[in-house]
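These are the residues of each chain, in order.
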Amino acid sequence: MLIVGSLGGLLACDEYSAEERYENVAFAEAQHSVLALDFTGQWCVNCPSATATLETTLSNGCPLVVVSVFLPYLVDVPSMNLHCADGLTIAQSLGVDVSSAPWLVADLDKSTLCSDYAQWPAILCSRAEGVGASISTSVSYDSEKKIATLQCLVDTMQTNCRLLFFLTEDSVCAPQMMSANVVDNEHIHNNVLRRLLTPMCGVELGGNTYLAEFDVADNWLVEHLNLISVLTDNSGRAIQSTKTNFK
């Protein structure tokens, strides 16, 4: 069962029986979209340049799905609050040094861990050359209940695959250090990790269709939210990723 955390509680998915949650649906394969975990910080003066490198790589045609994982400042600064506990969980599971930034991990593969963002385009684009499985995800939101419903359809020839889901938010206005003496108090951050909706080991894929519900916190703008769906192989590495906007 997919367990999804939120600021308000856990995933409510027991409305769906096992038979309802999984359904066999066939679709065509698609090009592999690379999951780029951008470990960043509002306190990190080099991080805006690193994030810009990812944006340029994407605009140059490399298929990426980016999740910006904000790491906490060593000293608590109330205005620099984009980090979340799930970000630390993700970082620690992948061997990221949380006292420094930026870092990249591609496709949940620890061997790609890299702090030199000049190398990031080569790392990412080399992984995009393969052909991955197909994922199609839809998300609907009930504004009265503040509950989102996801449906993820998967087609792959690989066995023992699992699914991970991340919740991100775009267009978040929050402070960012640009240099030792300059803070941009109205910096726009995209792909901000809000929650890890599954354990890092993912949830078992028992069929081609996965259905679940999760809570959405009051302080997130629904029109800016995205669901990141990640399919992993039996080694835990991502073989396909998608980004789906909320409806």
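One can find the structure itself at the top, above this paragraph.
This structure is a prediction, so every number in the text was calculated from the model and none was measured.

Draft legend 1. Summary view of empty space enclosed by the protein. Evaluation of the coordinates by the stated rule reveals one cavity of 30 Å³ or more. In this structure, the largest cavity spans a volume of roughly 30 Å³. Every residue lining the largest cavity is listed: G41, Q42, W43, F70, L71, P72, Y73, M80 and H83. Here the lining of the largest cavity is built from residues that sort into six nonpolar, three polar and no charged.

Draft legend 2. Representation of the state of the cysteines in the model. In this structure the tally under the stated criterion is one disulfide. A sulfur-sulfur distance of 2.3 Å marks the disulfide that ties C44 to C47. Taking the torsion about the sulfur-sulfur bond, which here is approximately 90°, the covalent link between C44 and C47 counts as right-handed. The same class applies to C44 and to C47, which are both buried.

Draft legend 3. Inspection of helix 3 (residues 85–93) at higher detail. Among all positions of helix 3, only D86, G87, I90 and A91 are buried. Seen along its axis, helix 3 keeps its buried residues to an arc of 140°; they face one direction. Away from the buried face of helix 3 by more than 90 degrees, exposed residues A85 and Q92 are located. Looking at the buried positions of helix 3, the neighbouring elements they touch are strand 2 (34–40), strand 3 (64–70), strand 8 (162–169) and strand 11 (192–196). Directly beyond the C-terminal end of helix 3, a positive phi value near 75° is found at G95.

Draft legend 4. Structural context of the pattern of salt bridges. Across all of its chains, the model carries seven salt bridges by this definition. Between R195 and D86 there is a salt bridge, with the nearest N and O atoms lying 3.3 Å from each other. You can see R195 sitting in strand 11 and its partner D86 sitting in helix 3, a full 109 residues away along the chain. Residues R195 and D86 agree in their burial class; the two are buried. Close ionic contact of D109 with R237 constitutes a salt bridge, the shortest N to O distance being 3.6 Å.

Draft legend 5. Main features of the layout of surface pockets. In this structure, the largest pocket occupies an estimated 190 Å³ of space. Together, 13 residues line the largest pocket, and Q158, T159, N160, C161 and L205 are the ones closest to its centre. Residue composition of the lining of the largest pocket, grouped by class: three nonpolar, seven polar and three charged.

Draft legend 6. Up close: the nonpolar core. Grouped together as the largest cluster of nonpolar side chains are 29 residues, with contacts concentrated most on L35, L37, F39, I90 and F166. Counting only elements with at least two residues in this core, the list comes to strand 2, strand 3, helix 3, strand 4 (103–106), strand 8, strand 11 and strand 14 (225–232). The next biggest cluster of nonpolar side chains, apart from the first, holds 26 residues, and it includes L205, F214, L225 and L231.

Conventions we followed
Residues numbered from 1 in each chain as written. Predicted model: local features only at pLDDT ≥ 70, side-chain atom pairs only at ≥ 80, totals over all residues. Heavy atoms only, no water. 1 Å grid on protein atoms, 1.4 Å probe; cavity = no way out; pocket = protein on both sides within 12 Å on 5 of 7 lines; lining within 4 Å. Points joined across faces, edges and corners; volume = space filled by probe spheres on them. Nonpolar A, V, L, I, M, F, W, Y, C, P; charged D, E, K, R; others polar. Disulfide = S-S within 2.5 Å. Buried < 20%, exposed > 50% of the residue type's maximum accessible area, 1.4 Å probe, protein only. Helix = DSSP H or I, 4+ residues; strand = E, 2+ residues; numbered from the N terminus. Arc of directions from axis to C-beta. Contact = heavy atoms within 4.5 Å. Salt bridge = Lys/Arg side-chain N within 4 Å of Asp/Glu carboxyl O. Core = buried A, V, L, I, M, F, W, Y, C linked by side-chain atoms within 4.5 Å.

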